[in-house]
Structures are given as structure tokens and as C-alpha cells.
Amino acid sequence: MKIKNQLIWKEVEDYVFITLGLMLYAFAFTIFLMPYKIVTGGVTGTAAIVFYATKIPIQDTYMVINGLLLVVALKILGLKFLLKTIYAIFVLAFLLWLAGSIAPTNPDGSYVKILGEGQDFMSLLIGCTLTGTSLAIVFMNNGSTGGTDIIAASVNKYYNLSLGQVLIGVDFIIIGSCLFIPQFGAGLDRVHMVVFGLCTMAIENFTLDYVMNARRESVQFMIFSKKYQEIANAIGMEMDHGVTILDGHGWYTGQDMKVLCILAKKRESTTIFRLIKMIDPNAFVSQSAVIGVYGEGFDKIKVSLPKDKKNKKLAAK
């Protein structure tokens, strides 16, 4: 019963943070990007391009495109992921409509430029930092805003490619399409729009990767202490964390000693240091960042096996 309640609360927590992420996205997109007609990637960016050219409401185009992509998501990502995606799509469509309806407008109906005239790049910088952060919040809580996020999440599920890398390729195509839309003005004006769009792509995806990797960042501890057993017990019991004990030999002293090796999330570092200091303030500790940690309790290994190796593995089973 306790485990079931924990799972329910985890689901509730996911939906709460997904909603908060979507609220941040709708706010940033409507207030900082749309008034300056800044092009972005993704389905939202595609809907914005359609809006700039035809005045068709963003939420309408957003819903139509996502409806088509959801068919793909059902097979690849599964029903559980799809439910959150459907939720996110409807909520974001509503939030985009809501933000657009309450955002300050000029007498001609255009959105007010909050930062003033000539502040296009500053508005781009602020807006894309916020939208990138909001996308990271949504992804970290097992959700998706739909659209190209579905493509990115599908690739990330099977291959060791970051979400940002996948989105860059798709967004490049969407943003580049502005060059072929005459409604955006002369050729030089369209080039300017594409250049700004490429800037949004770089900033948003860098922020997305940074926020997500900051949470996943791992560290390695090497602990040298005579009280190694007490430290290992404390870390194992208090943090429910695995500890490896290695055999060491001092070159200068010529004495044998035990060395604790621990792989942990960076956010756990303070707790580990606190436990070490409580047991042995004189312990010698080395902490180093690691590029990646894969296996139980950490990330999954996402590489494809050659067909011959895959067949041998299946035959062995």
C-alpha cells in the first residue's frame, strides 16, 4: 500500500511540475518572443511562423500538427508517456491562448514590446533561456510538450544522443523555412529572421541540456580512512547507497589500507561529505567529476548492438 501511494504521489508531482513548466513556456513565448516576431523551432515555432504569415491563431496550428505526431508517439513512447503528452498539448494550447488574450497589446492589435524598441536580441536571450528551462522541467518529469519533443524523446529513448542535439536538427529545418516565405519581407529581412531563429535554437537547446545535465551530473569519491568500515556503513545505511571497498597499498608507508570508491549524483555530495566528517574528520577524500555513469541507479546504456551480436544474445537466452 505504501509503495502504491508513493507511485501515486510521484505521478501527481510529475503533473504539477509539467504544468509549471508549461506555464513558464507560455509566458516566455508570448511576452518575450512573439512581440518581436522572433522565430523559434518546434511545433510552437512552426505555429508562430504560420501566425506571422497568415494570422491563424497559434493554438489552432499547434493542435493540428500535434494531433498527427501523437499517432507516432503512441507506438514508440508508450501509453503512459502519451497520456502526459496529451495532457501537456492541451494545457499548453490553452495557456498559449490565455497568455495571448491577457498580454498587453497596441491599438493595432500587435503585442507590446515589453523591453522596448530595438531590444530584439535581449528579448530573445531572456525568452529562450526561460523556454529552454521550461522544456527541461517538463522532460525531467517524464513529460513532453508534444511536437518535435516527441521526435527528440523517441530518439533519446534508444540512442545516446542528447535531447538538444536532436532538436537542433529538426529546428534548423523549421527556422530555415522562413527564407522561402515572401510574407516576411525582402530577402535581407528573411535572412535576419533566420539568423535570429538560429540564435534562439542555440540558446534554448543549450539551456535545455544544461539544466537536464546539471541534475544528472555524477561524481566519484575515493575515500582513504582507517574508519573505512564505519563510513561505508553510514553511507550504505543512511543514503541506501552502494559502496565499493578497494585494496590499497601505500608507496611511502608500505602499509596496506582500504579505499572506498563511491559513484553518486552531484547533489548527494554534501551529504556524503557530512557523513565522512562526522566519522573521521581527518579522512583523505578525493572527489572528481565523471562524464557518465551507467547502470542500476544511474543512466541506461543507450547504444544499438550490431545485428549479429543481437542475434547471438537472443540465441544465448
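Residues numbered from 1 in each chain as written. Predicted model: local features only at pLDDT ≥ 70, side-chain atom pairs only at ≥ 80, totals over all residues. Heavy atoms only, no water.

Novice: Before we move on, could you go through the pairing of strand β1 (residues 218-224) and cite the residues and values that matter?
Specialist: Of all 7 residues making up β1, 5 are buried, and the element is well covered by its neighbours. Two strands pair when backbone bridges link them, and β1 and strand β3 (residues 256-265) are joined in this way by 7 bridges, in the antiparallel orientation. From the neighbouring strand, Q220 faces β3, where its bridge partner is L263. Bridging between β1 and strand β4 (residues 284-290) involves 7 bridges; their strand directions are antiparallel. Opposite F224, over in β4, you have F284 as the bridge partner. (Buried < 20%, exposed > 50% of the residue type's maximum accessible area, 1.4 Å probe, protein only. Helix = DSSP H or I, 4+ residues; strand = E, 2+ residues; numbered from the N terminus. Pairing = 2+ DSSP bridges.)

Novice: Tell me about the sheet that holds β4, and name the residues and values.
Specialist: Here 4 strands make up an open sheet; going across it, the order is β2-β3-β1-β4 and the pairing antiparallel. One side of each edge strand has no neighbouring strand; the edge strands of this open sheet are β2 (244-249) and β4. Averaged over all pairs of adjacent strands, the angle between strand axes in this sheet comes to 25 degrees, irrespective of strand direction. Most of the contacts of helix α8 (residues 228-238) go to β3, to which it runs at about 20 degrees, and overall it touches β1, β2 and β3. (Axes fitted to C-alpha atoms, helices over the stretch in contact; angles between N-to-C directions. Contact = heavy atoms within 4.5 Å.)

Novice: Before we move on, can you summarise the pattern of salt bridges with the specific residues and values?
Specialist: Summed over all chains, the structure comprises 4 salt bridges. Residue K258 pairs with D247 through a salt bridge whose shortest N-O separation is 2.4 Å. With K258 in strand β3 and D247 in strand β2, the pair connects residues that are 11 residues apart, well separated along the chain. For K258, a relative accessible area of 29% corresponds to the partly exposed category. Through salt bridges with shared partners, a single network forms among E11, D14 and K84. (Salt bridge = Lys/Arg side-chain N within 4 Å of Asp/Glu carboxyl O.)

Novice: Which residues make up the side chain of S134, and what values go with them?
Specialist: For S134, the position within the fold is in helix α4 (residues 120-140). Relative accessible area serves as the criterion here: at 1%, S134 is assigned to the buried category. Ignoring sequence-local partners within four residues, the contact set of S134 consists of G21, L24 and Y25.

Novice: So what's going on with the nonpolar core? Residues and values would help.
Specialist: Counting residues in hydrophobic clusters, the biggest one holds 49 residues, and the most contacted among them are L22, F29 and I58. Counting residues per element, the ones that place at least two in this core are α1 (2-33), α2 (42-54), α3 (58-102), α4, α6 (163-176) and α7 (187-216). By residue number, the principal contributor to this core is α3, which donates 11 residues. Discounting residues that sit within four places of it in the chain, F29 has contacts with M34, T40, T44, A48, I58, L96 and T131. In terms of nonpolar packing, the next biggest core, distinct from the first, is built from 16 residues, F221, I223, A264 and I279 among them. (Core = buried A, V, L, I, M, F, W, Y, C linked by side-chain atoms within 4.5 Å.)

Novice: So what's going on with α4? Residues and values would help.
Specialist: Over its 21 residues, α4 extends 30 Å from the first C-alpha to the last, a length consistent with the 30 Å expected when each residue adds 1.5 Å. Turning to α4, its buried residues number three or more, namely S123, L124, G127, C128, T131, G132, S134, L135, A136, V138 and F139. Looking one or two residues beyond α4, the residue adopting positive phi is N142, at roughly 65 degrees. (Expected span 1.5 Å × (residues − 1).)

Novice: Can you tell me about the state of the cysteines, naming the residues and giving the values?
Specialist: Here the structure, examined in full by the defined rule, presents 0 disulfides. Take C128: it sits in no disulfide, and the sulfur closest to it among the cysteines is that of C199, at 8.8 Å. Given a relative accessible area of 25%, C199 falls into the partly exposed group. (Disulfide = S-S within 2.5 Å.)

Novice: Any chance you could break down the packing of aromatic side chains for me, citing the residues and the numbers?
Specialist: Here the structure, examined in full by the defined rule, presents 10 aromatic pairs. An angle of 85 degrees between the planes, with centres 5.9 Å apart, marks the rings of F27 and F32 as edge-to-face. Since its relative accessible area comes to 42%, F27 is described here as partly exposed. According to the relative accessible area criterion, F32 is buried, its value standing at 10%. (Phe/Tyr/Trp six-rings, centres within 6.5 Å; stacked < 30°, edge-to-face > 60°.)

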